[in-house]
Amino acid sequence: MKLGKLRHESKYLAIRYFYTKKNWSIEWMCRQLEISRAAYYKWLHREIPYEELENIRLAELVKEYDERFCHILGYRRMTSWINHFNHTSYSKNRVHRIMKKLGIHSVIRKKKKKYIYAKPDETAENILQRDFYATEPNQKWVTDVTEFKIPGERNKKLYLSAILDLYDRYPIAFVISKRNDNRLVFKTFDKALHENPNAKPVLHSDRGFQYTNRAFRTKLEDHKMKHSMSRVGHCIDNGPIEGFWGIIKSEMYQMYTITNETSLKYAIRDYIRFYREERFQDRYHNKTPLEVRIEALTSDIAKEYPIPENKRINKYKAKWCA
């Protein structure tokens, strides 16, 4: 594969291949391809430039990491993880170019289906207002429920309820169930409180029936927590956990062989373990959510990790939201 910009390199590679494997005449091939024999021999005996050797080494690392992490790495995370594990400083543009040459890319998330939800009985104000930045753990939590189809079983699903801390994007609690009901959400909330007994965050959710249930509202009031809710038809109001679902569903199926309910449950649990303990994130300077959380909880002052500015979103707002 050509990683450099050398002219006629594909022709030189073809000549070398057919001479080595088929013993074709070099002179005849050069004539057919309209290049001189001198140019071919000069290329054959050339000293490979340092930059090209680095590209070849980087290409091998890209292929290795793509296979090791089951094709879940895009060029940004590929760059971060290669630099982290190999103590290098490759640029994102360079890694992106190599990945395009190799035909390697991260798995693509499938488009979500549209669902029609029942009108909620009780709602709360959207306190969060898409401000997903938190300066310390247990300041802002987001929660939601998603579903997974069980392979080989028609119309059967598993439901995953989780609570995510916006400071470190750490899934502080999750529960898997065959039923999407109040018990699923209540159990998730109870687990989160068991792990964080003194927490009094703002808890943000959508307007699902479990979250508008009076019993759930009472649980929040008993623990002096504020409830924030997304607006109708604005899933972006709960963007971080929607993104978390997207990450799970695009990466988990690449990393595990899922054939039945048992293997699906194992994959969900083990992927969340991987996400917590092994999946480095650029925003946190290549630390895992667990590392960030432990550092914050064992320090007098939690380190702040500002959300990087998104130029595309700012450009869109400037054009359409003025």
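The paragraphs below set out a description of the structure included in this document. Just so we're clear, the structure is a prediction, and the values are computed from it rather than from any experiment. (Residues numbered from 1 in each chain as written. Predicted model: local features only at pLDDT ≥ 70, side-chain atom pairs only at ≥ 80, totals over all residues. Heavy atoms only, no water.)

### A closer look at the pairing of strand 3 (residues 170-177)
In terms of residue burial, strand 3 counts as a mostly covered element, since eight of its eight residues are buried. Note: strand 2 (residues 157-165) against strand 3, seven bridges, orientation antiparallel. Pairing of Tyr159 across the sheet is with Ser177, part of strand 3. (Buried < 20%, exposed > 50% of the residue type's maximum accessible area, 1.4 Å probe, protein only. Helix = DSSP H or I, 4+ residues; strand = E, 2+ residues; numbered from the N terminus. Pairing = 2+ DSSP bridges.)

### Remarks on unusual backbone geometry
The phi dihedral of Asn155 is positive, around 60°, even though this residue is not glycine. Summarising the element assignment, Asn155 is placed in the loop between strand 1 (140-149) and strand 2. Given the relative accessible area of 70%, Asn155 is considered exposed.

### Some points on the side chain of Arg279
Topologically, Arg279 is positioned in the loop between helix 11 (261-277) and helix 12 (289-297). Reaching out from Arg279, the side chain makes a polar contact with the side chain of Glu251 at a distance of 3.0 Å. Setting aside anything within four residues of it in sequence, one finds Arg279 in contact with Arg77, Trp81, Ile247, Glu251, Tyr271, Phe274, Lys287, Thr288 and Pro289. (Polar contact = N/O pair within 3.5 Å; in protein donor to acceptor, adjacent residues only side chain to side chain. Contact = heavy atoms within 4.5 Å.)

### Regarding the pattern of salt bridges
On inspection of all chains with the given rule, the structure shows 23 salt bridges. In this structure, Asp165 and Arg293 form a salt bridge, with 3.1 Å as the shortest nitrogen-oxygen distance. With a gap of 128 residues between them, Asp165 in strand 2 and Arg293 in helix 12 connect regions that are remote in the sequence. Its relative accessible area of 5% is what places Arg293 among the buried residues. The network of salt bridges with common partners includes Asp270, Arg273, Glu277 and Glu278. (Salt bridge = Lys/Arg side-chain N within 4 Å of Asp/Glu carboxyl O.)

### What about the nonpolar core?
Note that soluble globular proteins tend to have their nonpolar side chains buried in a common cluster. With 51 residues, the main nonpolar core has Val62, Leu160, Ile248 and Met252 as its most contacted residues. Here this core gets seven residues from one element, more than from any other, and that element is helix 11. Leu160 has contacts with Asp144, Val145, Thr146, Phe148, Phe174, Val175, Ile176, Trp245, Ile248, Ile268 and Ile272, leaving out every residue within four places of it along the chain. (Core = buried A, V, L, I, M, F, W, Y, C linked by side-chain atoms within 4.5 Å.)

### Regarding a nonpolar patch on the surface
Taken together, the side chains of Ile48, Leu53 and Ile56 present a nonpolar region at the surface, about 230 Å² in accessible area. Relative to the helices and strands, Ile48 resides in the loop between helix 3 (37-44) and helix 4 (50-68). (Patch = residues over 30% accessible without salt bridge, like charges linked within 9 Å, V, L, I, M, F, W, Y side chains within 5 Å. Areas by Shrake-Rupley, 256 points an atom, 1.4 Å probe, with all protein chains shown as cover.)

### What about the sheet that holds strand 3?
Within a sheet, neighbouring strands are paired by backbone hydrogen bonds and run either parallel or antiparallel to one another. Taken in spatial order, the five strands of this open sheet run 3-2-1-4-5, and their pairing is mixed. This sheet does not close on itself; its edge strands, each paired only once, are strand 3 and strand 5 (226-229). Looking at each pair of strands side by side, their axes are set apart by 25° on average, direction ignored. Where strand 4 (residues 202-205) lies against strand 5, four bridges are found, and the strand directions are parallel. Looking across to strand 5, one finds that Leu203 is bridged to His227. (Axes fitted to C-alpha atoms, helices over the stretch in contact; angles between N-to-C directions.)

### Side note on helix 12
Three- or four-residue spacings in an α-helix give side chains the same orientation, since the helix completes a turn every 3.6 residues. Buried within helix 12 we find Pro289, Val292, Arg293 and Ala296. Buried residues of helix 12, viewed axially, fall in a sector of 95°; they line one side. Residues of helix 12 that are buried make contact with strand 2, strand 3 and helix 11. (Arc of directions from axis to C-beta.)

### Focus: the environment of Leu166
Tracing the backbone shows Leu166 in the loop between strand 2 and strand 3. For the pair Leu166 and Val232, spaced 66 residues apart in the sequence, the C-alpha separation amounts to 22 Å.

### Some thoughts on the packing of helix 2 (residues 26-33) against helix 3
Packed helices, taken two at a time, are described by the angle their axes make and the gap between the axes. Close contact between helix 2 and helix 3 brings their axes to 9 Å; oriented N to C, the two are set at 110°. Taken together, helix 2 and helix 3 sit at an angle that is classed as roughly perpendicular. Like other packed secondary-structure pairs, helix 2 and helix 3 cross with a definite hand, here right-handed. Between helix 2 and helix 3, the contacting residues are Ile26, Glu27 and Cys30 on the first element and Arg37, Tyr40 and Tyr41 on the second. Here the residues of the contact of helix 2 with helix 3 are counted per class, giving four nonpolar, no polar and two charged. (Parallel < 35°, antiparallel > 145°, perpendicular 65-115°, else oblique. Left-handed = near helix turned anticlockwise from the far one by under 90°. Nonpolar A, V, L, I, M, F, W, Y, C, P; charged D, E, K, R; others polar.)

### So, the packing of helix 5 (residues 75-86) against helix 6 (residues 92-102)
Look at helix 5 against helix 6: their axes get within 9 Å of each other, and the N-to-C directions meet at 115°. Put simply, helix 5 runs roughly perpendicular to helix 6. As helix 5 runs across helix 6, the sense of the crossing is right-handed. For the pair formed by helix 5 and helix 6, the contact residues are Tyr75, Arg76, Met78 and Thr79 on the first element and Lys92, Val95, His96 and Met99 on the second. Here the residues of the contact of helix 5 with helix 6 are counted per class, giving four nonpolar, two polar and two charged.

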